[in-house]
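Examination of the molecular architecture
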Amino acid sequence: MIVMITGSRTGVGKALAEHFLESGHDVIGCSRKPSAIDHPGYRHHQVDLTEVAQVKKMFREVRKEFGCLDALINNAGTSTMNHFMTTPDEVVRDIFDINFFAVLNCCREAVKLLRKSAGPAPAILNVSTVAVPWALEGHLAYSASKSAVEQLVQVMSKELAAFGIRVNAIGLPPVRTVLTRTVSQPKIDALIARQAIRRMCTMSDIVGPVEFLVGPQSAFVTGETIFLGGVH
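Overview of the structure. Computed from a predicted structure; not experimentally measured.

1. Quick word on the overall build of the chain
A tally of regular secondary structure across the chain gives six helices and seven strands. Each helix and strand of the chain, placed in order from N terminus to C terminus, yields the pattern β-α-β-β-α-β-α-β-α-β-α-α-β. For 232 residues, the compact-globule formula gives about 17 Å, and the C-alpha radius of gyration of the chain, at 17 Å, lands near that figure. Burial analysis of the chain (232 residues in total) assigns 50% to the buried set. Taking the intrachain contacts of the chain between residues at least 6 apart in sequence as the baseline, contacts between residues at least 24 apart amount to 69%.

2. Here we look at unusual backbone geometry
Excluding glycine, residues mostly have negative phi values, and the peptide bonds linking residues are mostly trans. The phi dihedral of A135 falls on the positive side, at around 45°, and the residue is not glycine. Of note, A135 is situated in the loop between strand 5 (123-129) and helix 4 (140-160).

3. Description of helix 3 (residues 89-114)
One full turn of an α-helix is made of 3.6 residues, so residues set three or four places apart face in the same direction. The terminal C-alpha atoms of helix 3 lie 35 Å apart, and with 26 residues this matches the ideal 38 Å at 1.5 Å per residue to within 8%. A bend of about 40° at D97 is the largest found in helix 3.

4. Here's the deal with the pairing of strand 2 (residues 26-31)
Across the six residues that make up strand 2, a large majority, five, are buried. Sheet analysis places strand 1 (residues 2-6) next to strand 2, joined by five bridges and oriented parallel. Bridge pairing links T6 to C30 in strand 2. With helix 1 (residues 11-22) bridging strand 1 and its parallel neighbour strand 2, the resulting β-α-β unit is right-handed.

5. Some words on helix 4
Across its 21 residues, helix 4 extends 30 Å between first and last C-alpha, which sits within 8% of the 30 Å expected from 1.5 Å per residue. For helix 4, every residue scored as buried is listed here: A141, Y142, S143, S145, K146, V149, E150, L152, V153, M156, S157 and L160. On its buried side, helix 4 packs onto helix 3, strand 5, strand 6 (166-172) and strand 7 (225-227).

6. Focus: the sheet that holds strand 7
Hydrogen bonds between backbone groups are what pair the strands of a sheet, and the pairing can be parallel or antiparallel. Read from one edge of the open sheet, seven strands run 3-2-1-4-5-6-7, paired in parallel fashion. Of all strands in the sheet, those bounded by a partner on one side alone are strand 3 (42-46) and strand 7. Each neighbouring strand pair of the sheet contributes to a mean axis angle of 20°, computed without reference to strand direction. Both strand 2 and strand 3 contribute to a ladder of five bridges, which runs parallel. Looking at the pairing, S31 lines up with Q46 of strand 3. Along the sheet, helix 4 makes contact with strand 5, strand 6 and strand 7, crossing strand 5 at roughly 155°.

7. Here's the deal with the packing of helix 2 (residues 52-66) against helix 3
In a packed pair of helices, the relevant descriptors are the angle between the two axes and the axis-to-axis distance. Across the interface, helix 2 lies against helix 3 with an axial gap of 10 Å and an inter-helix angle of 20°. The angle between helix 2 and helix 3 falls in the class roughly parallel. Between helix 2 and helix 3 lies a crossing of right-handed hand. Seen from helix 2, the contacting residues are V52, V55, K56, F59, V62 and R63; seen from helix 3, they are N105, C106, E109, A110 and L113. Of the residues assigned to the contact of helix 2 with helix 3, the class counts are seven nonpolar, one polar and three charged.

8. Focus on the packing of aromatic side chains
Applying the stated criterion across every chain yields a total of one aromatic pair. Ring geometry for F100 and F101: centres 5.2 Å apart, planes at 75°, overall edge-to-face. Under the relative-accessibility criterion, F101 is labelled partly exposed at 41%.

What counts and what doesn't
- Residues numbered from 1 in each chain as written.
- Predicted model: local features only at pLDDT ≥ 70, side-chain atom pairs only at ≥ 80, totals over all residues.
- Heavy atoms only, no water.
- Helix = DSSP H or I, 4+ residues; strand = E, 2+ residues; numbered from the N terminus.
- Rg over C-alpha atoms; globule rule 2.2 N^0.38 Å.
- Buried < 20%, exposed > 50% of the residue type's maximum accessible area, 1.4 Å probe, protein only.
- Contact = heavy atoms within 4.5 Å.
- Expected span 1.5 Å × (residues − 1).
- Bend = angle between axes of the 7 residues up to and from the residue.
- Pairing = 2+ DSSP bridges.
- Right-handed = clockwise from strand over helix to strand, strands pointing away.
- Axes fitted to C-alpha atoms, helices over the stretch in contact; angles between N-to-C directions.
- Parallel < 35°, antiparallel > 145°, perpendicular 65-115°, else oblique.
- Left-handed = near helix turned anticlockwise from the far one by under 90°.
- Nonpolar A, V, L, I, M, F, W, Y, C, P; charged D, E, K, R; others polar.
- Phe/Tyr/Trp six-rings, centres within 6.5 Å; stacked < 30°, edge-to-face > 60°.

Spelled out as structure tokens, the structure:
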């Protein structure tokens, strides 16, 4: 399987890339900074996903080298915690640029390669967050951008069904990443207390569901956002 993972330099993206590489798959990653992974099956593109021209160039290079994709995992994202009244307009736009518009543009380009997949169930998987169903205060721009992604999943899954391409999302509870390092421990503890499974989500909790959602085992699953940890 040929898997593309955005935001693969650190955190969840890096953990997913390493998991798929260890499973024998070819992995294409990208980030604004150089690669943090050294593996013969890994290709890294240093790119700003908010720049459409750079996104198109990256996918042209992928097409030249691989000719197709079997899965795209839109993991790259950003967040800020602040009251909406004191959040500058440019910060809100930056959040939407990476969390929504970059996802949309990557999907547009990836579809051209996913249609050429020889696999039985090519897939797009987007990353969402508990900030959407919980409507977390202080996360208006972040949760709104991820809510837009969940709507994208529902509509896009219908529009791509005729091509045999599935589109889903995975909703993550608190997990140790650069996005949560600035959140106080009492805040993290309060969020975990709202889960049915009351512990911090780990990378190993994520890789299994992701592998399922982009693999042939979930060939009949599309248009869904699946939350981990029992957050509802």
